[in-house]
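# A structural walkthrough
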Amino acid sequence: MSSAGPEIVPAAIAFMRRVRTGLEAGLELPEALTRGATALPKDARETLIRVLDRLDGDYTEDEWGFDEDFAELVEPFFAFMFDSWWRVQVEGVERVPAHGRVLLTANHAGILPWDATMISVALLREHPLPRHPRFLVLDWAFDLPWISSGMRKVGGVVASPYNAMRLLEQDQLVAVFPEGVKGAGKPYSQRYRLQRFGRGGFVEIALRTGAPIVPVAIVGSEEIYPKVADLPVVARLLGAPYFPVTPTFPLLGPLGTVPLPSKWRIEFLDPIETASYGPEAADDRGLVLELTEQVRGRIQQALYANLVRRGPAFI
Amino acid sequence: MAGRRVLITGVGSQVGSLLAARLESDPDVEHVAGLDTRRPKVRLERTQFIEADIRSPEIAQLIPATGADTIVHEQIVRQPGPGMGSRTMHDVNVMGTLQLLAACEGVPTLRTIVVRGSAGIYGAEPHAPQFFTEEMAHMYPLRTRFQRDVAEIENYFETYARRNAGVSCTMLRYQPAIGPGMRTQITRYLSQPVCPTYMGFDPRIQLVDIEDALEAIVAAVRNPVPGAVNVAGPGTIGLSRMIRLAGKRALPIAAPLFGAITSSGQRLGLDAQSEDFQRLLRYGRGVDTRRLTEEVGYTPVHTTSQAIESWIEHGRVAA
């Protein structure tokens, strides 16, 4: 990446010159940009042409609003966060089945769903047969501008059991965070202590659809927004579930939403097979709670092990 | 199956007229009657046109005289428009339905009622599942007047169906329809010079092509399934992509100012958006159509984006 640095400036000047002559010749802006793109290095040219195609509506979305093109366009940013910002180390990615329905179940931390995006990069980068996971996002995020539309384009859906069921029936790879808002909003002092896993709804869904559960332990996400206090009154006013106070937010304003560069580890654990129980087992309260506890226990254990292996949080 | 006698209410609407033409060409349909105050929009060969207001009690005499075994209730107004304030809209929707059901009591031959209702009953909600199934009608409070109208209409039909076990009542819940030559809220929206959108929101929109819309009614007439059935094209489309396909520009407006700006744009000749449509532009809506395929036996063939593309290619009418 850094070797491209010195070439960028002359290329950009040539690009602007061509765009300007194009515009003076009476071309519409998109066409002028396409002409100008010939002056750019190859990868930049391809990106620009893709962006222009998008402006004509020339791209596809699936019925969930997932937009593979968009996901690929923003991938370099998440890849940067993955490689340089958080220096994520991934283990056991090959334990995720390469095809068919799978339910990834992970611990959840941080106010924005960064952990979901990092799981996504891990699978796309390191899995022998990469595919885009879909993830269930806390529903209040879908009432926020930009976040709501960005999230759905990269594969996020509202955290609703109906969505999870339908996605699994379509043989997708689905990531859920059963701790939900309890996990994302816990104070820094409680870090890496798993909260209650809801009422085991995710196990019910896995049983009903026969999808294997792959527990995922994520270490590092707890340090990106160390929440030291909560302002419930402000949260009520904004309609958010909580309003966190971190060392940088809201002190530095929007800059405070930049996550801290902690060091991450993501470990995918052995899948728990559910198909043999049959779909009726979803109504068996005892079994559901037992499996929930089993998943939770394994993630908690893996969290402690990975914390030790990671060592210091930031260096 | 053969020898059906069908009465269509609201035959003067676009969908009503096309449906009458479609049923005329069906060999199983012996007789088609159409009720409306407006003349049908297409030339009809053998439809008996009954000029009457659905809100007036006189239909209690007119409808039994047709000897209908099937009634397709199409006279549901979906958006306020010229000459159709929200008051009149409510009147036609609710009073019209009441009068129709009162008239139905006097039709001993009646076996089937098919209603072209609206998926608007689900509303447009940020936290809703991405695909509403038929049981989710009352998941959220009814927020708009039209939503309340639709809920009331559905309620009347449910009550009617309970009391008349011999009549099967199919409530088709339609996503907005689009097709060549159609004038609906969506086509008016996409025909404006700029399309106001909510800044930062790009909801999923799901539509149904007019051909599929008609075939779904015909399928429900043939194979009436009691209860609600969603009707929509497969797939959804992002609002921004829809606007780009139509070759228009989006005008993003911050959410708190949206109502104020669009209503002053109305004075400049831009289109007014109904409350329902505004919510749709912000949050979007998708419905699950498995019941239509599995129980009614009709699978829509045009996806949402194909429906829009075909509207753009043929017969987009100038605003």
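Residues numbered from 1 in each chain as written. Chains lettered and ligands numbered in written order. Predicted model: local features only at pLDDT ≥ 70, side-chain atom pairs only at ≥ 80, totals over all residues. Heavy atoms only, no water.

## Considerations on the overall build of chain A
Quick reminder of the rule: In this text, helices come from DSSP runs of H or I with a minimum length of four residues, and strands from runs of E with a minimum of two, each type numbered from the N-terminal end. With the radius of gyration taken over C-alpha atoms, the globule rule is written as 2.2 Å times the number of residues to the power 0.38. A 1.4 Å probe rolled over the protein chains alone gives each residue an accessible area, and that area as a share of the maximum for its type sets the label: buried under 20%, exposed over 50%, partly exposed in between. In this description, contact between two residues means that some pair of their heavy atoms is separated by no more than 4.5 Å. A 1.4 Å probe and the Shrake-Rupley method give the accessible areas. Residues count as covered only by the protein chains that appear here.
Of regular secondary structure, chain A possesses 11 helices and 9 strands. Its C-alpha radius of gyration of 22 Å places chain A within 12% of the 20 Å reference for a compact globule of 315 residues. Expressed as lengths along the three principal axes of its C-alpha atoms, the size of chain A is roughly 75 × 45 × 40 Å. Here chain A holds 315 residues, and 49% of them are scored as buried. Nonlocal contacts in chain A, meaning residues at least 24 apart in sequence, comprise 73% of its contacts between residues at least 6 apart. For chain A, the computed accessible surface area is about 14900 Å², with 61% contributed by carbon and sulfur atoms.

## Looking at the pattern of salt bridges
Once the charged atoms of two side chains with opposite charge are near each other, the side chains can pair. Applied cut-off: Any Lys or Arg side-chain nitrogen found within 4 Å of a carboxyl oxygen on Asp or Glu counts as a salt bridge.
Applying the stated criterion to the full structure yields 38 salt bridges over all chains. Between A:Asp171 and A:Arg101 there is a salt bridge whose closest N-O contact spans 2.8 Å. Taken together, the residues A:Asp171 in the loop between helix H7 (161-169) and strand E5 (173-176) and A:Arg101 in the loop between strand E1 (89-91) and strand E2 (102-106) connect sequence positions 70 residues apart. In this structure, the salt-bridge partner of B:Arg116 is B:Glu74, at a minimum N-O distance of 2.6 Å. Remark: B:Glu74 occurs in the loop between strand E4 (70-73) and helix H3 (86-104) and B:Arg116 occurs in strand E5 (residues 112-118); sequence separation between them is 42 residues.

## Focus on the sheet that holds E4(B)
Residue and element names in this part refer to chain B. Which entries qualify depends on this criterion: Pairing between strands requires that DSSP locate at least two bridges from one strand to the other. Lines fitted to C-alpha atoms define the axes, with helix axes restricted to the stretch in contact, and inter-axis angles between N-to-C directions lie between 0 and 180 degrees.
Read across the sheet, 7 strands follow the order E3-E2-E1-E4-E5-E6-E11 without closing on themselves; strand pairing throughout is parallel. In this open sheet, the two edge strands, each paired with only one partner strand, are strand E3 (47-51) and strand E11 (227-231). This sheet shows a mean twist of 20 degrees between the axes of neighbouring strands, independent of strand direction. Taken together, the 5 bridges between strand E6 (residues 168-174) and E11 define a ladder with parallel strand orientation. Opposite Leu172, over in E11, you have Val229 as the bridge partner. Helix-sheet contacts for H3 involve strand E1 (4-9), E4 and E5, and the interaxial angle to E4 is about 180 degrees. Across the face of the sheet, helix H6 (residues 210-222) comes into contact with E1, E4, E5, E6 and E11 while running at roughly 165 degrees to E6.

## Some words on the sheet that holds strand E3 (residues 134-137) of chain A
Residues and elements named next belong to chain A. Here 7 strands make up an open sheet; going across it, the order is E1-E9-E6-E2-E5-E3-E4 and the pairing mixed. The outermost strands of the open sheet, each flanked by one partner alone, are E1 and strand E4 (156-158). The sheet shows a mean angle of 25 degrees between the axes of neighbouring strands, direction not considered. Direction of pairing for strand E6 (residues 213-219) relative to strand E9 (residues 265-268): antiparallel, over a ladder of 4 bridges. In the sheet register, Ala217 faces E9, and the bridge partner there is Glu267. Each of E1, E2, E6 and E9 touches helix H11 (residues 285-310); the most contacted strand, E6, lies at about 35 degrees to it.

## Quick word on the nonpolar core
Condition: Residues belong to one nonpolar core when they are buried, are Ala, Val, Leu, Ile, Met, Phe, Trp, Tyr or Cys, and are joined through side-chain atoms within 4.5 Å.
In terms of nonpolar packing, the biggest core is built from 41 residues, with B:Leu7, B:Ile63, B:Leu110, B:Ile113, B:Phe157 and B:Tyr160 touching the most fellow members. Sorting the residues of this core by element identifies strand E2 (29-36), helix H2 (59-66), H3, E5, helix H4 (145-163) and E6 of chain B as the ones contributing at least two each. What B:Leu110 contacts, discounting residues up to four positions off in sequence, is B:Ala68, B:Asp69, B:Thr70, B:Ile71, B:Cys104, B:Tyr160 and B:Val167. Listed in part, the 36 residues of the second largest apolar core include A:Ala141, A:Val216, A:Tyr225 and A:Phe268.

## Things to note about the side chain of B:Arg188
The topology assignment puts B:Arg188 in helix H5 (residues 185-190). A residue is classified by how much of its surface remains accessible, and B:Arg188, at 16% relative accessible area, is buried.

## Things to note about the pairing of E3(A)
All names here are of chain A. Here is the rule we go by: Every crossover in which the path from the first strand over the helix to the second runs clockwise, viewed with the strands pointing away from the viewer, is termed right-handed.
Covered by surrounding structure in E3 are Arg134 and Leu136 together with Phe135 and Val137, the residues of both alternating faces. Examined bridge by bridge, E3 and E5 share 2 bridges and lie parallel to one another. Each bridged residue has a counterpart across the sheet, and for Arg134 the counterpart in E5 is Val174. Note on the crossover from E3 through helix H6 (residues 147-153) to E4: the handedness is right-handed.

## Comments concerning helix H4 (residues 68-85) of chain A
Residues and elements named next belong to chain A. To be explicit about the condition: A helix's residues, less one, multiplied by 1.5 Å, set its expected span.
Along its 18 residues, H4 runs 24 Å from first to last C-alpha, staying within 8% of the 26 Å computed at 1.5 Å per residue. When we look at burial in H4, the residues that qualify are Ala71, Phe78, Ala79, Met81 and Phe82. In the core, the buried residues of H4 are packed alongside E1, helix H5 (114-126) and H6. Directly after H4, the chain includes Arg87, whose backbone phi takes a positive value near 45 degrees.

## Some points on the interface of chain A and chain B
One frequent convention defines the size of an interface as the accessible area lost when the parts assemble. Under the convention used in this document: Buried area is understood as the total, over both parts, of accessible area removed when two parts are fitted together, assessed with a 1.4 Å probe. What qualifies as a polar contact is a pair of N or O atoms within 3.5 Å, subject to a donor-acceptor requirement within protein and to the restriction that residues adjacent in sequence count only when both atoms come from side chains.
With 30 residues of chain A at the interface, the matching set in chain B holds 26 residues. Both faces combined, the contact of chain A with chain B buries some 2200 Å², and carbon together with sulfur accounts for 48% of it. Counting the surface chain A buries against chain B, the share from its top three residues, A:Glu63, A:Asp143 and A:Arg166, is 22%. Joining chain A to chain B, the criterion identifies 5 salt bridges. The salt bridge partner of A:Glu169 is B:Arg290, with a shortest N-O separation of 2.9 Å. For the pair chain A and chain B, the interface holds 11 residue pairs in polar contact (both at pLDDT 80 or more). Elements supplying a minimum of two residues to the side of chain A that touches chain B: helix H3 (42-55), H6, E4 and H7 of chain A.

## Observations concerning the layout of surface pockets
Residues and elements named next belong to chain B. Defined as follows: Any residue with an atom within 4 Å of a point lines the site, the site being either a cavity, points on a 1 Å grid over the protein atoms alone where a 1.4 Å probe fits but cannot get out, or a pocket, an open set with protein on both sides within 12 Å along at least 5 of 7 lines. Grid points are joined across faces, edges and corners, and a volume is the space filled by probe spheres set on the points. Note on residue classes: Ala, Val, Leu, Ile, Met, Phe, Trp, Tyr, Cys and Pro are nonpolar, Asp, Glu, Lys and Arg are charged, and everything else, Gly too, is polar.
Volume-wise, the second largest pocket comes out at about 1100 Å³. Around the second largest pocket, the lining comprises 47 residues; the ones closest to its centre are Ile76, Val77, Arg78, Gln79 and Arg183. Among the secondary structure elements, those contributing two or more residues to the lining of the second largest pocket are helix H1 (14-24), H3, E5, H4, H5 and helix H9 (275-283). Across the lining of the second largest pocket, the residue classes tally to 17 nonpolar, 17 polar and 13 charged.

## Examining the packing of aromatic side chains
Residues and elements named next belong to chain A. In plain terms, the rule: In this scheme Phe, Tyr and Trp rings, the latter by its six-membered ring, pair at centre separations within 6.5 Å, and the angle between planes marks the pair as stacked below 30 degrees, edge-to-face above 60, and tilted otherwise.
All told, the structure shown has 14 aromatic pairs over all chains when counted by the stated rule. Ring plane angle 50 degrees and centroid distance 6.3 Å describe the contact between Phe77 and Trp114, whose orientation is recorded as tilted. Within this pair, whereas Phe77 is found in helix H4, its partner Trp114 is found in helix H5, the two being separated by 37 residues in sequence. A relative accessible area of 44% places Phe77 in the partly exposed class. For Trp114, a relative accessible area of 12% translates into the label buried.

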